Structure formats: C-alpha cells, structure tokens
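# Report on the structure
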Amino acid sequence: MTRIRDRSEEKGRSHVSGKQSLKFLPLALLAILAGCNSSSPVSGLSLGSSAQPAAATGPVVVQAYCPQVGMLEQSAIKNAYAGNAKDDPAKLIYRASLSEATRACTANDTTLTIRVQAQGRVVIGPAGKPGRISLPINVEVIGEGDKVLYSQTQITAVDVPAEGVAQFLFDKADVSIPNQMGGVSTFTRVRIGFDDATVKKTGRNKR
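I will try to describe carefully the structure that is included in this document. In this text, all values refer to a predicted model and were calculated from it rather than measured experimentally.

The rules behind each value
- Residues numbered from 1 in each chain as written.
- Predicted model: local features only at pLDDT ≥ 70, side-chain atom pairs only at ≥ 80, totals over all residues.
- Heavy atoms only, no water.
- Helix = DSSP H or I, 4+ residues; strand = E, 2+ residues; numbered from the N terminus.
- Buried < 20%, exposed > 50% of the residue type's maximum accessible area, 1.4 Å probe, protein only.
- Contact = heavy atoms within 4.5 Å.
- Areas by Shrake-Rupley, 256 points an atom, 1.4 Å probe, with all protein chains shown as cover.
- Salt bridge = Lys/Arg side-chain N within 4 Å of Asp/Glu carboxyl O.
- Disulfide = S-S within 2.5 Å.
- Core = buried A, V, L, I, M, F, W, Y, C linked by side-chain atoms within 4.5 Å.
- Polar contact = N/O pair within 3.5 Å; in protein donor to acceptor, adjacent residues only side chain to side chain.

## A word on the overall build of the protein
Scanning the protein from terminus to terminus reveals 0 helices and 10 strands. In the protein, the succession of α and β elements from N to C terminus is β-β-β-β-β-β-β-β-β-β. Expressed as a percentage of the 207 residues in the protein, the buried residues total 46%. Across the protein, contacts joining residues at least 24 apart in sequence account for 76% of those joining residues at least 6 apart. Counting every atom, the protein has about 11000 Å² of accessible surface; 52% of that belongs to carbon and sulfur.

This is the structure we're talking about:
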C-alpha cells in the first residue's frame, strides 16, 4: 500500500449531536489515526512517513480522494428495551451512542482501503444490568447516485462494569473499494451507524 495525497480542500470536522450531552473517550485513543479528522478530505492522507514504506505491487497512486465520514442522526444512537416495550424509560436496557468518527486511507492502482474508527458510549438503563453487550455497527461507502459500493456490519463487544457506563472504540481497518486513475469520485462518502432493521438509511448525514 502507498499512502496517498489528496487533491481536495479541507473542510470542517464532523460531529454527532444528541439530545443529551455525552462524554467520550480521550482523543488520545485515536492516535492510531493521528492527523485525521472526521470530515476533511485531506486529513487521513499522508505526504510521507519516517517508516520504511512497503514495496508497491503496481503503479504508485500520487493523487486520490479520501472520502469523508458521516452518520445518520437516527442510527448514531441505539436504544434497547425489555420485551416489546418502546420509548418506555422504565423498560430501557441500555442506550449506546457513536461520536467523533474518523478515517484514514491508503491506496494502490486498483484498491482504496479506508480505516474507520469512532468513539462510543454505553449507559445501562433501569431494566439492564452490567455485563457484555454486543453492538452491531454498520459501515457503508456510498458513491455517485447513492450507489452502495461497500456495506458490512461488524459486531463490537462492550463490557459494562458495575457503574453502568462504558466507553469503547469502534475500529474497522479493511473497508476496501475499487480505485481508479486519479482517485475515486469526490461524491464518494463513508457512513457509519448502528445496524438496526428499524432504522431507515435515507435520512440526512450528521456532520
């Protein structure tokens, strides 16, 4: 893989807002993606590294686009209820939320690989108890005309302590889509959220 330079201008940092203020993991935990933010097309792209680069298997890609990452408002929060209850605070098992998504890209002449990370938090409700919770988190890459280029759900296990609150880091390093000469279309974007059959993915992105 060869680290790539981007040809687009930097845009603002994306964020997720909710109805209540949430505290998330220290940004230091995202050091693996140091230098990238959640929405800038140039962040996540490196001009060079002190580490010895791997040998290229094809022509080096010197220009490319690292797609922005965003979330749908309705899929950035997941509430789980006991039984068939819905929107009943007394039956809430847990509330999980995602925030501060980031990405970094590498590419060769045929493939663009995107590493996606996001901070998350789980709060146990009145009907819940401490223990392990499995959260299905979906990553999609959307191209021109809303064509889905990639979609995969990854289960993230979160261990909630007796205090009833846990923070976690979602990390998916193998999001790959076809690359082309000059890079993928600037209309390409990455979308992350909880995979829930009741969530419609036609809403607007939160940036």
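## Details of the pattern of salt bridges
The tally for this structure, following the rule as stated, stands at 5 salt bridges. A salt bridge links Arg 115 to Asp 171, with the shortest nitrogen-to-oxygen separation between them at 2.6 Å. Residue Arg 115 is located in strand E5 (residues 111-124), and its partner Asp 171 is located in strand E8 (residues 165-178); the two are separated by 56 residues in the primary sequence. Exposure remark for Arg 115: the relative accessible area of 23% places this residue in the partly exposed category.

## Observations concerning the state of the cysteines
For the structure on display, the rule yields 1 disulfide. Between the sulfur atoms of Cys 66 and its disulfide partner Cys 105 the distance amounts to 2.0 Å. Because the torsion about its S-S bond is 80 degrees, the bridge between Cys 66 and Cys 105 counts as right-handed. With Cys 66 in the loop between strand E1 (2-3) and strand E2 (68-72) and Cys 105 in strand E4 (residues 92-107), this residue pair connects regions lying 39 residues apart in the sequence.

## A closer look at the nonpolar core
Among the nonpolar cores identified, the biggest contains 35 residues, and Val 122, Leu 135 and Ile 192 are the most heavily contacted of them. Elements supplying a minimum of two residues to this core: E2, E4, E5, strand E6 (131-142), strand E7 (148-160), E8 and strand E9 (189-194). Excluding residues that lie within four positions of it along the chain, Val 122 makes contacts with Tyr 94, Arg 95, Ala 96, Ile 133, Leu 135, Val 158, Val 160, Gly 164, Val 165, Ala 166 and Phe 168.

## Quick word on the side chain of Asn 179
Within the secondary structure layout, Asn 179 lies in the loop between E8 and E9. Of note is the side chain of Asn 179, whose polar atom sits 2.9 Å from the backbone oxygen of Asn 108.

## So, the side chain of Asn 138
Residue placement: Asn 138 occurs in strand E6. Looking at Asn 138, the relative accessible area reads 5%, which means it is buried. Of note is the side chain of Asn 138, whose polar atom sits 3.2 Å from the backbone oxygen of Gln 152. A polar side-chain atom of Asn 138 sits 3.1 Å from a polar atom in the side chain of Thr 153.

## Regarding the environment of Ala 64
Counting through the fold element by element, Ala 64 comes out in the loop between E1 and E2. For Ala 64, a relative accessible area of 0% corresponds to the buried category. Placed 42 residues apart in sequence, Ala 64 and Thr 106 show a C-alpha to C-alpha distance of 9.2 Å.

## Points about the environment of Thr 188
Among the secondary structure elements, Thr 188 is positioned in the loop between E8 and E9. Between the C-alpha atoms of Thr 188 and Cys 66, which are 122 residues apart in sequence, the distance is 8.7 Å. Setting aside residues no more than four positions away along its own chain, Thr 188 makes contact with Tyr 65, Pro 67, Gln 68, Val 141, Ile 142, Gly 143, Leu 149 and Ile 177. A polar atom in the side chain of Thr 188 sits 2.9 Å from the backbone oxygen of Ser 185.

## Some thoughts on unusual backbone geometry
With phi around 60 degrees, Asp 87 is a residue other than glycine that occupies positive phi space. Relative to the elements of secondary structure, Asp 87 occurs in the loop between strand E3 (77-81) and E4. Exposure remark for Asp 87: the relative accessible area of 58% places this residue in the exposed category. Despite not being glycine, Asp 146 shows a phi value in the positive range, around 60 degrees. By the secondary structure assignment, Asp 146 is in the loop between E6 and E7.

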